[in-house]
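Next come the chains, spelled out residue by residue.
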Amino acid sequence: MSKQLDTTFDPAAIEAKWYSHWEESGAFRPERPDAEPFTIVNPPPNVTGSLHIGHALDNTLQDIVIRYERLKGKDALWVVGTDHAGIATQMVVERQLEERQDKRTNYSREEFVQKVWEWKEESGGTITRQLRRLGCSMDWSREQFTMDEHFTKAVLKVFVDLYNDGLLYRDKRLVNWDPKLKTAISDLEVEQQTIAGSFWHFKYPLADGVTLDDGRDYIEVATTRPETMLADMAVAVHPDDERYKSVVGKHVILPITGRRIPIVADEHADPELGSGAVKITPGHDFNDFEVGKRAGIAPADMLNMLDGDANVCQTADGKVPEEFIGLHRFRRDGVDGARELVVQRLKEQGFLIPHVQKNKKGEEVELDAEPRQIATPFGDRGGVVIEPWLTDQWYVNAGELAKKPIAAVKSGEIEIVPKSWEKTFFNWMENIQPWCVSRQLWWGHRIPAWYGDNGECYVAMSEEEAQAQAGEGVALTQDSDVLDTWFSSALWPFATLGWPNPPQTGEVAADASASDDRGDSPQELDGAEAPLHRPADGPPPRSGEDLFSKHYPNNLLISGFDILFFWDARMMMAGYYNTGQAPWPRLYLHGLVRAADGAKMSKSKGNVVDPLGLIDQYGADALRFFMAAMESQGRDIKMDEKRVEGYRNFATKLWNATRFCQSNGIGASSTIKAPEARLAANQWIIGEVQQTVEALDAAMADLRFDAAANTIYQFTWSRFCDWYLELIKPVFADGASEIAASETRAVAGWALDQILVMLHPFMPFITEELWHALGTRNYDLILAKWPDPRASVSRDATDAIDWVIDLTTNVRSAKNELGIAPGAKLAAFLPEASDLAASTIERSSAAIERLARLTPVTIGEAPAGPAMQVTAGGDVFVIPLEGVIDIDAERARLSKALEASQKEANSLEGRLSNPNFVERAKPEAVEKAREDHAHHSGEVERLTAALARLG
RNA sequence: GGGCGUAUAGCUCAGUGGUAGAGCACUGUGUUGACAUCGCAGGGGUCGGGAGUUCAACUCUCUCUACGCCCA
């Protein structure tokens, strides 16, 4: 039953209604057991997060794809869920405790984790509600969480498998330690920032009376981190450095600690840099760690001088003076730390070499240190300087796991779109380092490793299995760490589909054979055109369904490029390792959404645009369309609210066009195939629909979201609304042919339906509303069938309409330039009519009168007197203008056109007279040049004559 | 230091080996009861600079400049 549409379109009034209708009816994953599968997994947002503009982009693109594939009849599955987000979530809960002057360590591990679960229950629905507001058609009935029981089981299995295959191991080496969060983090979670710092130069006195060749009794070293000298274990010089050759193998006595350390030769020391000698602190610097190992120092013997908070602690040799113990590594909150005290003591003892520089007046001044810009590592979550720290952690042999993904991208088995990211991908994957996967947190997947009294390690799925390995009576303690969140999310493409459980053999979709009672309703004249599918009676679950077999590998992954390494690459590694297959054949990477001025959005800058605010203001459809239209491959999107507004206007335009149709008896169409049409305008619009579907399909196949959006936008507004609706208005005038009106109602209703289907992936809410407003439907638009016009339209008909459009545009333009009232109806004469002109004037006089406002149109000579000339295709109309004519204005108009044609003709003439062009250019190009030349020459002739006639 | 990307109309951006398009903004105008969240018409660009390849370059190659991002 069609219903009268309100005169204004109010997005808020329809969005909630349709979303809950879709979700409740199971439309997001209709029962299609025999259909080709199409699968996307959603990048799981942090469970306690909320929707930001980047999510809006990412999810809009995915929803467009999934709705498109669903309309094309596929068994489209969009897997959704949330990520437990170890560090982020634990931080949120800890912050809440802090607000109450409470802290995590006041609780047992179990109590704290319980609090996190409570918070997850409380806030976990926020982002999923927001995704619904955006219109995302995910399969909520199977919503996943990375700490669900089945998912956790998969995580443990992968850990155990990797361990048993020797690809995951425990190792003592330097890690990136975040002293604020007190956990290790991976290389990817470290961000290098350049900050202002200092470069100090010190004297390290040589031991045993040794001197350098130049007589000095010390070696000069320089450092940006003086505090680490408390754990120095060597001084390195380049093996070829003549200045130091004589002292290699000798020793220095460290000031402050009095530690006796060797001078070693190592190529790490750069003779060009500073003095050429560098202090070596293997326990607190990644480069020094390697130097230390080369110098024969075992990691276990490397001195450590910092605790987990990065406060100074006693080294194993007990040489750190008491006054340093407990100091923070450097000045913090206005309190000096070990760095400042080391500098002070060295200066007092005469070991500081001052930095001399000139001040503004040109006078030499002495500073303790040289000011410098220093690349400094920061933790991406905690925001404090990372401390390289020697600990035992679990590592994944990423280099081994990266091999298959690299080969897959090289061979094209996995396509990265846009391709320009491939190089970045290879660059990282080919230089990948062992991945530190253990985290010293409480919230997350606990590492399935148990230790015996003597440190023996047992890795197993459960404590029982570990106990079985260890044997009776061995007391076991479980590793207290949890896994990196990305270790689990790497399994998302398959663990969400039931992996590793073998498919259940139970009855599959018992009602699959339920009667097929569609297609026989009066609406479905074309029986074969029934919708392929319909929603299940209720949402799944469908026990026994083997999702993994059917939906893995997935078909596509869409993500921001910012998580290419964090997530996408690791899914590839996990996919190949665990399933032997790529997780998906295609990876689409989109950019960032930036603020209007191009700056990165950030809370601290206060330039964050809230997508929910935009939805409130313009509607979800407008925001979605904006995202699609702006998404060209490989470029960031700048926020442009005016443009969102423009797409809200587009929605209003469609709304009003539909109201017009309603008021003329145009309603829901009954066929998917284009209706039979005789009238030129109707044939023309059918042809236009056909072209639009083809262009849209091509754009979607290439994932050109901008091209797809623009295609349907232009068709709807510039073709359907601007021309077609105007062309058919005369058909509904009083006294017009009922046969013509009837045909036009059928075609217009059909064309409008095709618009709704094609636009639906981009603007799901308004299209569904209009779909139902136009008449009774057997199924919702979300489950309709993609256009398939299967029509052939006559060239004569489309030429006729193109001719009318050309005529109309030219008449309007001429009137405008001559200052003639746009509404004025004028008589026109066509001295020499082409066949096309003659038949079109015959068939479409009403349209010519209404649009071009020419009536009557006479084929024959015009009476003598002032007139203007207007062309349509090759036909030249003469329009007498006695009384209203402004001869000067018409002369100016013709002169301008003449000048343009003359210029074109000259240019083409030049090209055609160049033998090189005629001989060597493609024949089509030459032919086109000839045609254009003929046309412009003709115009020159015509316009010259017309000007002469004006006098 | 290495890698990648971008420079096209006032703004935000598409684009193709045969001398350029969209949306917004701007100017003029308002005729037909879908729509002023609109219609119609129009102005506006030596496609960052330079060189090369080509009959032909905004499009391909090199180079320079500016900006951005990633990695070290």
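Residues numbered from 1 in each chain as written. Chains lettered and ligands numbered in written order. Predicted model: local features only at pLDDT ≥ 70, side-chain atom pairs only at ≥ 80, totals over all residues. Heavy atoms only, no water.

## Some thoughts on the overall build of chain A
As a reminder, the rule being used: To qualify as a helix, a DSSP run of H or I must reach at least 4 residues; to qualify as a strand, a run of E must reach at least 2; elements of each kind are numbered from the N terminus. For this measure, only C-alpha atoms enter the radius of gyration; the expected value for a globule follows 2.2 Å times N^0.38, where N is the number of residues. A contact between two residues is defined here by any heavy atoms of the two lying within 4.5 Å. Surface accessibility in these figures is a Shrake-Rupley result with a 1.4 Å probe; residues are shielded only by whichever protein chains are displayed. Positive: Lys, Arg. Negative: Asp, Glu. His and the chain ends are not part of the count. Charge placement uses NZ in Lys and CZ in Arg. For Asp and Glu, CG and CD serve respectively.
Summing up its helical and strand segments, chain A has 29 helices and 32 strands in all. Its C-alpha radius of gyration of 38 Å places chain A more than 25% over the 30 Å reference for a compact globule of 951 residues. Residue pairs at least 24 apart in sequence account for 76% of intrachain contacts in chain A once pairs closer than 6 positions are excluded. About 41,700 Å² of surface is accessible on chain A, with carbon and sulfur atoms providing 48% of the total. If you average the places of the 101 positive and of the 145 negative side-chain charges in chain A, the two averages end up 3 Å apart.

## Remarks on helix 4 (residues 109-123)
Here is the rule we go by: Under the convention used throughout, the expected extent of a helix is 1.5 Å for every residue step, that is, one less than its residue count. Accessible area is worked out with a 1.4 Å probe on protein chains only. A residue is then buried under 20% of its type maximum, exposed over 50%, and partly exposed in between. The reported arc concerns the directions from the helix axis to the C-beta atoms and nothing else.
For helix 4, built from 15 residues, the straight-helix expectation of 21 Å at 1.5 Å per residue is met to within 8% by its first-to-last C-alpha distance of 21 Å. Here helix 4 has its buried residues at R109, F112, V113, V116, W119, K120 and S123. Down the axis of helix 4, the sector holding all buried residues measures 110 degrees, keeping them to one side. Among the exposed residues of helix 4, those pointing more than 90 degrees away from its buried face are E110, E121 and E122. For helix 4, the secondary structure elements touched by its buried residues are helix 3 (86-99), helix 5 (126-134), strand 4 (144-145) and strand 24 (482-483).

## Overview of the protein's contact with RNA strand B
The criterion, for reference: For this description, a residue counts as near a given molecule or strand if any of its non-hydrogen atoms is within 4 Å of it. Under the rule applied, a polar contact is a pair of N or O atoms within 3.5 Å (in protein, one hydrogen donor and one hydrogen acceptor; residues adjacent in sequence only if both atoms are side-chain atoms). When residues are grouped by polarity, Ala, Val, Leu, Ile, Met, Phe, Trp, Tyr, Cys and Pro land in nonpolar, Asp, Glu, Lys and Arg in charged, and all others, Gly among them, in polar.
What surrounds RNA strand B is a group of 41 residues, the closest being S632, R635, W717, R850 and R920. Within 4 Å of the protein, the contacting atoms of RNA strand B are 66% sugar and phosphate, with bases supplying the remainder. In the model, a phosphate oxygen of RNA strand B is placed 2.3 Å from a nitrogen or oxygen of the S632 side chain. Between a phosphate oxygen of RNA strand B and a side-chain N or O atom of R704, the distance comes to 2.9 Å. Looking at the surface near RNA strand B, the elements with two or more residues in it are helix 19 (641-663), helix 21 (705-728), helix 24 (795-818), helix 27 (887-912) and helix 28 (915-920). Considering each element in turn, the surface near RNA strand B owes the most residues, ten residues, to helix 19. The class makeup of the residues in the surface near RNA strand B is nine nonpolar, twelve polar and 20 charged.

## Looking at the pattern of salt bridges
Operational definition: Any carboxyl oxygen of Asp or Glu that lies within 4 Å of a side-chain nitrogen of Lys or Arg is treated as forming a salt bridge with it.
Summed over the entire model, instances satisfying the criterion amount to 53 salt bridges. Note that R260 is salt-bridged to D208, the shortest N-O span being 2.9 Å. Note that R260 is positioned in strand 11 (residues 260-265) and D208 in the loop between strand 7 (190-205) and strand 8 (218-223), a separation of 52 residues in sequence. Classification of R260 as partly exposed rests on a relative accessible area of 43%. By relative accessible area, which is 58% here, D208 ends up exposed. Each of R225, E227, R329, R339 and E387 takes part in salt bridges that share partners, so that together they form one network.

## Focus: the sheet that holds strand 22 (residues 457-459)
The condition that has to hold: Two strands qualify as a pair provided that DSSP identifies no fewer than 2 bridges between them. Fitted lines through C-alpha atoms give the axes, limited to the stretch in contact for helices. The angle between two N-to-C directions lies from 0 to 180 degrees.
The sheet built from three strands is open, its strands ordered 22-21-23 with antiparallel pairing. This sheet does not close on itself; its edge strands, each paired only once, are strand 22 and strand 23 (477-478). Both strand 21 (residues 449-451) and strand 23 contribute to a ladder of two bridges, which runs antiparallel. Residue pairing for strand 23: W450 is matched across the bridge by Q478. Relative to the sheet, helix 12 (residues 463-470) contacts strand 21 and strand 22, its axis offset from that of strand 22 by approximately 135 degrees.

## Let's talk about the confidence of the model for chain A
Where the model shows low pLDDT, its predicted coordinates should not be examined in detail. Counted only if it meets this: A residue's pLDDT is the predictor's confidence in that residue, given on a scale from 0 to 100.
On average, residues of chain A carry a pLDDT of 88, and 95% of them reach 70 or more. No element of chain A has a lower mean pLDDT than strand 14 (residues 355-358), which averages 84, and none a higher one than helix 23 (residues 764-773), which averages 96. For residues 504-541, every residue scores under 50 in pLDDT, and the model assigns this stretch 60 contacts once sequence neighbours within four places are set aside.

## Observations concerning the packing of helix 10 (residues 403-411) against helix 16 (residues 564-579)
What counts here: What sets the label is the angle itself: under 35 degrees gives roughly parallel, over 145 gives roughly antiparallel, 65 to 115 gives roughly perpendicular, and the rest give oblique.
Where helix 10 meets helix 16, the closest approach of the two axes is 8 Å, and the angle between their N-to-C directions is 105 degrees. Taken together, the axes of helix 10 and helix 16 lie roughly perpendicular to each other. Contacts between helix 10 and helix 16 involve K404, P405, A408 and V409 from the first element and M572, M573 and Y576 from the second.

## Brief notes about the domain arrangement of chain A
Operational definition: What fixes the domain bounds is an automatic or database domain assignment. Two parts lose some accessible area (1.4 Å probe) when they are put together, and adding that loss for both gives the buried area.
Its domain assignment divides chain A into domain 1 (39-167 + 404-437 + 485-520 + 543-590), domain 2 (183-379), domain 3 (450-480), domain 4 (639-793) and domain 5 (810-950). Relative placement of domain 1 and domain 3: their C-alpha centres are 31 Å apart. In this complex, domain 1 contributes seven residues to the contact, which on the side of domain 3 involves five residues. Taken together, both faces of the contact between domain 1 and domain 3 bury some 530 Å²; the carbon and sulfur share is 71%. Summed over the three residues of domain 1 that lose the most area to domain 3, namely R109, V160 and Y163, the buried surface amounts to 65% of that side. Applying the counting criterion to the domain 1 and domain 3 interface returns zero salt bridges. At the junction of domain 1 and domain 3, the tally comes to one residue pair in polar contact (both at pLDDT 80 or more). A per-class count over the side of domain 1 that touches domain 3 returns four nonpolar, no polar and three charged.

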